[in-house]
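Architecture at a glance
Each chain is listed here by its residues.
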Amino acid sequence: MPTRPDTPPHRFGVALGGGTARAFAHVGVLNVLDEAGTPPEVLSGTSFGALIAAHYALYRDAAALRRWAATFPAGEVWRQGLDFGLHRAAFVEGGRIEGWLERTLFHGATFSDLRLPLHVTCTDVDTGELVVLREGSLARAVRASCALPAVTRAVEVGGRRLIDGGFVSPVPITPLMAEAKLVLGVHTGITVEKARAIQHFRQLHASRFGGWWYQRFLSAPRHAYGTLLRGLARAGASYTRLLETPAGAILLRVDPRIAWWDLHRAEKGARAGEEAMQRALPDLHARLGHAPDNPLPNAAPPHYLRVQ
């Protein structure tokens, strides 16, 4: 775990996890923080949270994000999935999605165009390491961070083949620990500890049979279908890990009561984020009262805000 420097350069950072449609709750969280005069100074994001974080870091306009969620073109997004990818061992190749991100959100922007520092996290499908992107195309970084094995193909960036960063770090708090005195992580995905199917999967993964298949998948060749098997192994292993919060950070859990595929219910997701953040604001502001002159010590216990 990285140690926090004596004087981190930023006062407050926000880390946004994945969840696809459920991650629209991030829009509501950022909107409330802006309206409360507590905007983040540095961000990180993984999967769909990377998309939200990148948009905010580029434009610094949570109200615009909120309007986007209220009129989100779900049908248009699903049409980008008509991008044949079976020859690359995925249902969707992913190029059309990247093009849509460029045309509608990022307009060719790179990390150097950002108004706020941003860390986009991905998983290296070959090594299983967390990769933090801080340069290059925003659209390509977001596409890589959202790449789900079998659904979309891995994305090559800097010679590494990258997939969804949530497989290593569901809420990418760690990259911000040396950057901000206080870090708020927002989790909108499923609660692994409560999902019965995942508990069964954990038992299988821990068995001799499951471990044998896991190693077989990881040792697959580096061709397209081998990459698919490696990606599935990385995804499966992620369900065996508990969500950990570094000491001194805050984890806000939000359950927007929608499924990951409910893109047409983006507005409901955003409202859930607003309601959760409104309830959490007093505690956050109390913690931020320490931040300017008295950084939180590494020995401080993790702090959880469970907002359902």
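This is a predicted model, so every value here is computed, not measured.

Mapping Asp164 onto the fold places it in strand β6 (residues 160-164). On the basis of relative accessibility, which here comes to 6%, the residue Asp164 falls in the buried class. Ignoring sequence-local partners within four residues, the contact set of Asp164 consists of Thr46, Ser47, Cys122, Thr123, Ala144, Ser145, Cys146, Ala147 and Leu148.

Another point: the packing of helix α3 (residues 62-70) against helix α10 (residues 266-288). For the pair α3 and α10, the least separation of the axes is 7 Å and the interaxial angle reads 140°. In this view, α3 runs oblique relative to α10, as classed from their interaxial angle. Of the residues in α10, those in contact with Arg66, Ala69 and Ala70 of α3 are Ala266, Glu267, Ala270, Arg271 and Glu274. Each residue belonging to the contact of α3 with α10 can be placed in one class, and the counts come to four nonpolar, no polar and four charged.

Next up on the list: the environment of Val142. Examined against the element boundaries, Val142 turns out to sit in helix α6 (residues 138-145). According to the relative accessible area criterion, Val142 is buried, its value standing at 1%. With sequence-adjacent residues up to four places away left out, Val142 is seen in contact with Ala50, Leu51, Ala54, Leu101 and Phe106.

Taken as a whole and assessed by the stated rule, the structure comprises zero disulfides. Take Cys122: it sits in no disulfide, and the sulfur closest to it among the cysteines is that of Cys146, at 8.7 Å. Among the residues examined, Cys122 registers a relative accessible area of 0% and is labelled buried. A residue is classified by how much of its surface remains accessible, and Cys146, at 24% relative accessible area, is partly exposed.

Now for the confidence of the model for the protein chain. Detailed reading of predicted coordinates is not advised where the pLDDT is low. Averaged over all residues, the pLDDT of the protein chain is 84; the fraction at 70 or higher stands at 81%. Averaged pLDDT values over the elements of the protein chain bottom out at 37 in strand β9 (residues 303-306) and peak at 98 in strand β2 (residues 42-46).

Glycine aside, residues mostly have negative phi, and peptide bonds are mostly found in the trans state. Look at Thr20: it is not a glycine, yet its phi comes out positive at around 55°. As for its placement among the helices and strands, Thr20 is situated in the loop between β1 (10-16) and α1 (25-35). Relative accessible area serves as the criterion here: at 24%, Thr20 is assigned to the partly exposed category. Although it is not a glycine, Arg257 adopts a positive phi angle of roughly 60°. Mapped onto the secondary structure, Arg257 falls in the loop between β8 (250-253) and α10.

Think of two packed helices as two axes; the pair is described by the angle between the axes and how far apart they sit. Running from N to C, α1 and helix α2 (residues 48-59) cross one another at 30°; their axes reach a closest spacing of 10 Å. On the basis of their axis angle, the class for α1 and α2 is roughly parallel. At the point where α1 passes α2, the crossing takes the right-handed sense. Residue-level inspection shows His26, Val27, Leu30 and Asp34 of α1 in contact with α2, the latter providing Gly49, Ile52 and Tyr56. Grouping the amino acids of the contact of α1 with α2 by side-chain chemistry returns four nonpolar, two polar and one charged.

Below, the discussion takes up the nonpolar core. In terms of nonpolar packing, the biggest core is built from 71 residues, with Leu118 and Met277 touching the most fellow members. The residues touching Met277, leaving out its near neighbours within four places in the chain, are Val29, Val32, Leu33, Leu184, Leu252 and Leu284. Core analysis: the second largest hydrophobic core is formed by 11 residues, Ala15, Ile173, Leu176 and Leu251 among them.

According to the stated counting rule, one finds five aromatic pairs in the structure shown. Plain terms: the ring middles of Trp68 and Phe72 are 5.0 Å apart, the flat faces sit at 85° to each other, and that makes the pair edge-to-face. Neither Trp68 nor Phe72 differs from the other in exposure class; each is buried. Of the aromatic side chains, those joined through ring pairs into one cluster are Phe24, Phe48, Trp68 and Phe72.

Turning next to the pattern of salt bridges. Close approach of charged atoms lets side chains of opposite charge pair. Under the defined criterion, the tally for this structure stands at 13 salt bridges. A salt bridge links Arg22 to Asp255, with the nearest nitrogen and oxygen atoms 3.2 Å apart. Of this pair, Arg22 sits in the loop between β1 and α1 while Asp255 is found in the loop between β8 and α10, placing the two residues 233 residues apart along the sequence. Asp255 matches Arg22 in its accessibility class, with the two residues each being buried. Taken together, the salt bridges that share partners define one network made up of Glu93, Glu98, Arg140, Arg143 and Arg153.

Calculation rules
Residue positions are counted from 1 within each chain, in the order its sequence is given. Residues qualify for local features only when their pLDDT is at least 70, as the model is predicted, and side-chain atom pairs are given and counted only at 80 or more; totals for whole chains, interfaces and linings, by contrast, use all residues. To obtain the side-chain values, all non-hydrogen atoms of the structure were used and water was disregarded. Counting from the N terminus, the helices are DSSP H or I runs at least four residues long and the strands are E runs at least two residues long. Here the term buried applies to any residue with accessible area under 20% of the maximum for its type, exposed to any over 50%, and partly exposed to those in between, with areas from a 1.4 Å probe on protein chains only. Contacts were defined at the residue level, with two residues in contact if any of their heavy atoms lie within 4.5 Å. Axes here mean lines fitted to C-alpha atoms, for a helix over just the part in contact, with angles spanning 0 to 180 degrees between N-to-C directions. Roughly parallel means an angle under 35 degrees; roughly antiparallel means over 145; roughly perpendicular covers 65 to 115; every other angle is labelled oblique. Residues were grouped as follows: Ala, Val, Leu, Ile, Met, Phe, Trp, Tyr, Cys and Pro as nonpolar; Asp, Glu, Lys and Arg as charged; and all remaining residues, including Gly, as polar. Cysteine sulfur atoms are paired as a disulfide whenever they fall within 2.5 Å. Scored between 0 and 100, pLDDT is the confidence that the predictor attaches to each residue. Two helices that cross are described as forming a left-handed crossing if the nearer one is turned anticlockwise from the farther one by less than a right angle, and a right-handed crossing if clockwise. Buried Ala, Val, Leu, Ile, Met, Phe, Trp, Tyr and Cys residues that are joined via side-chain atoms within 4.5 Å together make up what is termed a nonpolar core. Ring pairs are drawn from Phe, Tyr and Trp, using the six-membered ring of Trp, whenever the two centres fall within 6.5 Å, and their geometry is named by plane angle: stacked under 30 degrees, edge-to-face over 60, tilted for the rest. The rule for a salt bridge is simple: a side-chain nitrogen of Lys or Arg has to be within 4 Å of a carboxyl oxygen of Asp or Glu.

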